[in-house]
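# Chain and residue survey
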2 protein chains.
Amino acid sequence: MLAAAIAAIRAPDDQIARAAAARQASLTKPPGSLGRLEAIAEQVCAAQRTLAPSLARRAIVVFAADHGVADEGVSAYPRAVTAQMVANFHAGGAAICALARAARAELVVVDVGVGAGTANFAREPAMTEGGARAAIERGIGIACALEVDAIGVGEMGIGNTTAASALASVLCDAPPAHVTGRGTGIDDAQHAHKVAVVERALALHRPRRDDPLGLLAAVGGLEIAAIAGACIGGASSGKLVVIDGFISTAGAAIAVALAPAVQPYLIAAHRSVEPGHALLLARLGLVPVLDLGLRLGEGTGAALALPIVDGALAAFREMATFADAGVEDRA
Amino acid sequence: MLAAAIAAIRAPDDQIARAAAARQASLTKPPGSLGRLEAIAEQVCAAQRTLAPSLARRAIVVFAADHGVADEGVSAYPRAVTAQMVANFHAGGAAICALARAARAELVVVDVGVGAGTANFAREPAMTEGGARAAIERGIGIACALEVDAIGVGEMGIGNTTAASALASVLCDAPPAHVTGRGTGIDDAQHAHKVAVVERALALHRPRRDDPLGLLAAVGGLEIAAIAGACIGGASSGKLVVIDGFISTAGAAIAVALAPAVQPYLIAAHRSVEPGHALLLARLGLVPVLDLGLRLGEGTGAALALPIVDGALAAFREMATFADAGVEDRA
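Not measured: the values here are computed from a predicted model.

### Observations concerning the nonpolar core
- Within the largest apolar cluster, 264 residues are counted, with the highest numbers of intra-cluster contacts made by A:Phe63, A:Val262, B:Phe63 and B:Val262.
- In this structure, B:Val262 is in contact with B:Ile9, B:Cys231, B:Ile232, B:Ala235, B:Ala255 and B:Val256, ignoring residues within four places of it in sequence.

### Some details on the sheet that holds strand S1 (residues 58–65) of chain B
Residues and elements named next belong to chain B.
- Strand order in the open sheet formed by 5 strands is S2-S1-S3-S4-S5, and the pairing between neighbours is parallel. Strands at the two margins of the open sheet, each flanked by one partner only, are strand S2 (106–113) and strand S5 (266–268). Strand-to-strand, the axes of this sheet are offset by a mean angle of 25°, without reference to chain direction.

### Concerning the relation of the copies chain A and chain B
- Between chain A and chain B, which share one sequence, the superposing operator has a rotation angle of 180° and an axial displacement of 0.0 Å; the RMSD is 0.0 Å. Both copies are brought into coincidence by an operation consistent with a two-fold rotation axis.
- Most of the interface of chain A is mirrored in chain B: 100% of its interface residues are interface residues there too.

### Considering the environment of B:Ala94
- Relative to the elements of secondary structure, B:Ala94 occurs in the loop between helix H4 (81–91) and helix H5 (95–102).
- In this structure, the C-alpha to C-alpha distance between B:Ala94 and B:Thr300, residues 206 residues apart in sequence, is 9.8 Å.

### A look at the side chain of A:Ser236
- Position of A:Ser236 relative to the elements: it lies in helix H11 (residues 222–236).
- In contact with A:Ser236, other than residues within four places in its own chain, are A:Ala5, A:Ala8 and A:Ile9.

### Quick notes on the pattern of salt bridges
- Enumeration according to the criterion identifies 22 salt bridges over all chains in this entry.
- For the salt bridge of A:Lys29 with A:Glu38, the shortest nitrogen-to-oxygen distance reads 2.9 Å. One exposure class covers both A:Lys29 and A:Glu38, and it is buried.
- Salt-bridge contacts for B:Asp291 lead to B:Arg271; the nearest nitrogen and oxygen are separated by 2.9 Å.

Calculation rules
Residues numbered from 1 in each chain as written. Chains lettered and ligands numbered in written order. Predicted model: local features only at pLDDT ≥ 70, side-chain atom pairs only at ≥ 80, totals over all residues. Heavy atoms only, no water. Core = buried A, V, L, I, M, F, W, Y, C linked by side-chain atoms within 4.5 Å. Buried < 20%, exposed > 50% of the residue type's maximum accessible area, 1.4 Å probe, protein only. Contact = heavy atoms within 4.5 Å. Pairing = 2+ DSSP bridges. Helix = DSSP H or I, 4+ residues; strand = E, 2+ residues; numbered from the N terminus. Axes fitted to C-alpha atoms, helices over the stretch in contact; angles between N-to-C directions. Least-squares fit on C-alpha atoms with pLDDT ≥ 70 in both. Salt bridge = Lys/Arg side-chain N within 4 Å of Asp/Glu carboxyl O.

Here it is as structure tokens:
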């Protein structure tokens, strides 16, 4: 299933991309004056193979799982909070519930290992490669089945910035101290301990960047694997994938390591305050839409970025050309 | 009328501000994890004097006027484009039309001097102080009359980045070369000429920062004066004012120079690529919501920022508290 999904990813349409750039240049505004919005519109045109791009139908998918590494005391919150927050998602009381409603996005919550989470990767591999593959395929199946134009991906899992830091260290070839942040808000001593936990895990497993499945199994998380799958499944079924923060971007980076053809379908919602996030985004060649100092996860940044993408597409679709509007072009 | 509007501005409610911060801390997220959204929600609570803040009713007001200084060849576009773009606004074909629709904001286009614009301030004052005051009062009247929670302010006027650069140079005490940008897109030689035009005008009029009305009359614009008025009128009638780019921010800076009590009602939508914009925002103590490389004006950044503010307010209003949701707080 993983191989079939990867094989089904189509490259964006170059001819549409050129036609979109030509239309962009004809619209009643100085060339380039809509900044990032122009590139976003052209990207979505090429991915959707149309000059009438739209993300009107969209879902935020929040993948939730527990992390054995939380036993190392790497988070400001107790492990039980993962399940409690999943209940909060279902009850409609979490930030992502409010933000998905505001963005007119369906909210889909997927339990990929709450309670039945990963092993403590400070001591043993987080999961087997079979387990990692199964979680990826869970994400692929969900992304392919959703009848939407775009999927925003988010996550919940106490301890998962530690997993994302370990992944980012390997994927970006950066020391753990450079990519490990304060997650939900730990103090200096806890942060030093978190860095040491990541260093110890990488020394123990010696995961390799050219073996993304082995890397994911060693120090990843079930929700991170499912996010990687959602990116692959989204691209495979022609959907744009709006990735949220550090953890979601780690999942997207695993997806691109497995299948580089995923990249043109990705939109980076924002740059979080986690230090590894900017490195992962740079490695993926993605420029984030927002920079709001967010560090919540859940897909909150993805929900916030959707209206900006809507604006980019509305301007592209609805604006008049210089010729149609009778406006004089540059002197 | 100007003095009465300024006198009617109420300070935001400190008690509500403290209650809003307390509610923010009780919501089911790590403290501070919604970044800029948290400060925005608390600002709107205090300005609206409620713990149920909302900008559901909103308008984008685009003030348009011509500039005599356009005769100096400071723009990439001919002066006739101001009127042509106003027709495009009414026909629904401009970027702001698409973006206001996407943001569910009413679009109001106000002609404050199309055709009958300012004099060429490279040679004589742009307008009289009486003319500047009348344009400010026009903006006050419009802002007070709108039955909305928030006003996004934008502008159209070929040549108006030259006026904004002259204002920014005086207001920020910065040399013209530091605050003068490429507007709609001029080349190096045109840019050097534009800087020289601003330098010449400031040497001719010697406007003073402590005389905002005289400054506006010397080197301002009619739409910039009306925007200053809209900021004052918005604050005076308890509305949030979402300011767009460089030119709108120059108008807001004149408003705050006339009436410092306006400042807490302002939300800076974005940071444009115009070099003077960041200086004006810093002088106003405002942190922009977006940074998308925009340089179009029209209120486009204000329209794009509205859904982000909506998200900030939705999360604040709708999220559950730790106690209500049964989620454990920090370990």
